[in-house]
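# Descriptive analysis of the structure
The primary structure of each chain is shown beneath.
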Amino acid sequence: MATTTDGSMRPAPADSSRRLRGEIERLRGEAEQQKALAHRRAEFWTKVDIALGFPAALLAGIAGAAGLAAADARVPAALLALTSAGCAAGAGFLRGDHRRLANKRARRAWAATEGMACVKLTQERLGPDDLSDLLASRQVALGAYDSEDSQPGP
């Protein structure tokens with residue numbers, strides 16, 4: 001601790017820099033974890049979208065063909081059509097495609113935050129502005145789940 005001209009105590013510059021470095025390392029770790037989580041979530045929602053969408057399309061085609069094939073096939077065709085409608089309704093309700101895109105946006109934003117933290121950690125001297133920049137980037141990453149984006153990401 002260092003004493004200021006007015007007699008109050010404040011952290012020494014080395015202590016302050018060490019605390020800033022620790023907080024930046026913590027933010028880098030959080031960004032790394034959140035990026036991996038967003039990646040796993042994007043993969044999950046891709047699978048859910050396929051698992052509901054593909055059977056819905058396939059069953060709808062089979063139901064149509066069965067309904068036109070013979071009069072005796074009307075009941076099985078109706079059941080297939082209802083199953084297809086249920087899959088399509090489930091896919092629409094869960095909105096897996098939107099969730100996948102939101103997690104891809106979040107993954108990119110968390111990767112940017114992690115990269116920024118890594119760059120800041122290479123600097124010899126860190127200041128409050130460095131931490132402020134990272135906190136702003138973290139807020140952008142947190143908001144990426146809610147924002148709309150017309151271009152899907154990797």
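Above: the structure in question.
The rules behind each value
- Residues numbered from 1 in each chain as written.
- Predicted model: local features only at pLDDT ≥ 70, side-chain atom pairs only at ≥ 80, totals over all residues.
- Heavy atoms only, no water.
- Helix = DSSP H or I, 4+ residues; strand = E, 2+ residues; numbered from the N terminus.
- Buried < 20%, exposed > 50% of the residue type's maximum accessible area, 1.4 Å probe, protein only.
- Contact = heavy atoms within 4.5 Å.
- Areas by Shrake-Rupley, 256 points an atom, 1.4 Å probe, with all protein chains shown as cover.
- Salt bridge = Lys/Arg side-chain N within 4 Å of Asp/Glu carboxyl O.
- Expected span 1.5 Å × (residues − 1).
- Arc of directions from axis to C-beta.

Looking only at helices and strands, one finds four helices and two strands in the chain. Helices and strands appear in the chain in the N-to-C order β-β-α-α-α-α. Counting over 154 residues, the chain shows a buried share of 29%. Across the chain, every contact between residues at least 6 apart in sequence was considered, and the portion connecting residues at least 24 apart equals 77%. Here the chain has roughly 9700 Å² of accessible surface; of this, 60% comes from carbon and sulfur atoms.

A few words on the side chain of Thr113. Residue placement: Thr113 occurs in helix H3 (residues 96-122). Contact partners of Thr113, with chain neighbours within four places excluded, come to Ala31, Leu134, Ser137, Arg138 and Ala141.

Moving on: the pattern of salt bridges. Applying the stated criterion across every chain yields a total of nine salt bridges. With a shortest N-O distance of 3.9 Å, Arg19 and Asp15 are connected by a salt bridge. With Arg19 and Asp15 both in helix H1 (residues 13-69), this residue pair falls four residues apart, about one helical turn. Across the salt bridge formed by Arg28 and Glu32, the nearest N and O atoms sit 3.2 Å from each other. You can see Arg28 and its partner Glu32 sitting in helix H1, four residues apart, about one turn around the helix. One network of salt bridges, in which partners are shared, links Glu23, Arg26, Glu30 and Arg138.

Before going further, it helps to examine helix H4 (residues 128-143). Across its 16 residues, H4 extends 23 Å between first and last C-alpha, which sits within 8% of the 22 Å expected from 1.5 Å per residue. The complete set of buried residues in H4 reads Asp130, Leu131, Leu134, Ser137 and Ala141. Down the axis, H4 shows its buried residues gathered within 120 degrees of arc, on one side only. The exposed residues of H4 that point more than 90 degrees off its buried face are Pro128, Asp129, Gln139 and Val140.

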